[in-house]
Amino acid sequence: MRLLCFVLTLCLLQVGMLPAHAEPLKLEPPVSGRALELFDSSATRYSAGHRGVDLAASPGDPLHSSADGTVYFAGMVAGRPTISVNHGGALRTTYTPAMAHVATGQRVTQGQMIGTVGVDDHCQSACLHWALTDGVDYFDPLAQLSTPGIRLLPMGSNPVPRAHPVSVLPRGRMPVAGRTSSRFGMRTHPITGVRKLHDGTDIAAACGTPIVTPWAGRVVRASFHPAYGYRVIIDHDGIRTAYAHLRALEVSTGETLLAGSTLGSVGSTGLSTGCHLHWMAWRGGALIDPLSLLT
């Protein structure tokens, strides 16, 4: 019976049906630096993807526990100094690179200094990689912040007022001319046959049709993904949009684009049944229907 319960629990965790913890986990940022790279909510358990948040930090900066818990691990993982803190309910936060000032099994409180930021080549500039996991799947730690809408800024810097709140964008336009062939929401995948969330809106158009960004922004990722093919992700001051199955990469990571700038053209790369744009969007790290940004 005990083995059966364990197997049933494992299966429920794998399909995301079993709550990882009874009470919501409220986190505080472990360092004061701004977010350099956000959680990739499109990544699956076995695919490539950014399964945490990169925060600006310099070697030697103090590192604080995001919540009350017990040190699960403090040591080297694949040659990188790492600290992991268990917060109950199987959830734990991890910090890399992190030079530990605590030991495995030690109780810590939220905000307690547990170490200092180490040296690593994970980011182009100095950073701390902060992740939230139950040991199997990863979750967006920014979605668990105890202060909603918090802006992470470098220590000593002054926040610059935004032209628009993080949840609001100026009126935009469709990124490509074509018909909406599949809306955001649950559906049966046309290739795999699995019923799951369709994490974007499909716009059918001929291959080679230009795609433009509806709003100004900065390219935070331009790469090839096994499922999404050639994909470009753009940050619009807190809201992110992505453009997948492109014919090729025509912009580069770090490039700044004006509203209406061409970012690529319609293709059918990755897991695709034909020429179309798969348009995605995130607000606060959570997937949303991109069409909702136009209303």
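Scope of this entry: the structure provided in the associated data block. The shown structure was predicted, so the numbers you read here are calculated from the model rather than taken from an experiment.

Right, let's talk about the overall build of the protein for a bit. Assigned secondary structure in the protein consists of 1 helix and 23 strands. Looking at the protein as a whole, 43% of its 295 residues qualify as buried. In the protein, the proportion of contacts linking residues at least 24 apart, taken out of those at least 6 apart, comes to 63%.

What follows deals with the sheet that holds strand β7 (residues 98–100). Strand order in this open sheet of 3 strands is β3-β9-β7, and the pairing throughout is antiparallel. Edge positions in the sheet fall to β3 (62–64) and β7, since each of these pairs with one other strand and no more. In this sheet, neighbouring strand axes are inclined to one another by 45 degrees on average, regardless of whether the strands run parallel or antiparallel. Pairing of β7 with strand β9 (residues 113–117), which is carried by 3 bridges, proceeds in the antiparallel orientation. Bridge pairing in β9 links Ala98 to Val117.

Attention shifts here to the environment of Thr273. For Thr273, the location among the structural elements is in the loop between β21 (262–265) and β22 (276–283). By relative accessible area, which is 62% here, Thr273 ends up exposed. As a C-alpha pair, Thr273 and Ile191 span 82 residues in sequence and 7.6 Å in three-dimensional space. Apart from residues lying up to four places away in sequence, Thr273 is in contact with Pro190, Ile191 and Ser268.

A few words now on the state of the cysteines. Enumeration over the complete set of coordinates arrives at 1 disulfide. Disulfide partner of Cys207: Cys275, at an S-S distance of 1.8 Å. Taking the sign of the S-S torsion, about -95 degrees here, the bridge from Cys207 to Cys275 comes out left-handed. On the criterion of sequence distance, the pair formed by Cys207 in the loop between β15 (201–204) and β16 (210–212) and Cys275 in the loop between β21 and β22 is long-range, its members being 68 residues apart. Cys207 sits in the partly exposed class, given a relative accessible area of 38%.

This brings us to the nonpolar core. Formed by 24 residues in total, the largest nonpolar core has its most connected members in Ile211, Val232, Tyr243, Leu263, Leu277 and Trp279. Counting residues per element, the ones that place at least two in this core are β17 (217–225), β18 (229–236), β19 (239–246) and β22.

Time to look at the pattern of salt bridges. Two side chains that carry opposite charge are able to pair once their charged atoms sit near each other. Within this structure, the stated rule accounts for 3 salt bridges. Note that Arg221 and Glu37 form a salt bridge whose closest N and O atoms lie 2.5 Å from each other. With Arg221 in strand β17 and Glu37 in strand β1 (residues 35–37), this residue pair connects regions lying 184 residues apart in the sequence. With its nearest N and O atoms 3.2 Å apart, the salt bridge here joins Asp289 to Arg183. A residue pair is termed long-range when its members are at least 10 positions apart, and Asp289 in the segment after β23 (286–288) and Arg183 in the loop between β12 (179–182) and β13 (185–188) qualify at 106 residues. Arg183 gets classed as partly exposed once you look at its relative accessible area, which sits at 47%.

Let us now look at the packing of aromatic side chains. Inspection of the entire model under this criterion finds 3 aromatic pairs. Considering the side-chain rings of Trp215 and Trp279, the 6.5 Å spacing of their centres and the 25 degrees angle between planes classify their relative orientation as stacked. Of this pair, Trp215 sits in the loop between β16 and β17 while Trp279 sits in strand β22, and the two are 64 residues apart along the sequence. Both residues of the pair, Trp215 and Trp279, count as buried. Considering the side-chain rings of Tyr243 and Trp279, the 6.5 Å spacing of their centres and the 25 degrees angle between planes classify their relative orientation as stacked. Pair noted here: Tyr243 is in strand β19 and Trp279 is in strand β22, with a separation of 36 residues, a long-range link. Its end group placed over the ring of Tyr72, Arg92 keeps NZ or CZ at 4.1 Å from the ring centre.

Parameters and conventions
Residues numbered from 1 in each chain as written. Predicted model: local features only at pLDDT ≥ 70, side-chain atom pairs only at ≥ 80, totals over all residues. Heavy atoms only, no water. Helix = DSSP H or I, 4+ residues; strand = E, 2+ residues; numbered from the N terminus. Buried < 20%, exposed > 50% of the residue type's maximum accessible area, 1.4 Å probe, protein only. Contact = heavy atoms within 4.5 Å. Pairing = 2+ DSSP bridges. Axes fitted to C-alpha atoms, helices over the stretch in contact; angles between N-to-C directions. Disulfide = S-S within 2.5 Å. Core = buried A, V, L, I, M, F, W, Y, C linked by side-chain atoms within 4.5 Å. Salt bridge = Lys/Arg side-chain N within 4 Å of Asp/Glu carboxyl O. Phe/Tyr/Trp six-rings, centres within 6.5 Å; stacked < 30°, edge-to-face > 60°. Lys NZ or Arg CZ within 6 Å of the ring centre and 35° of its normal.

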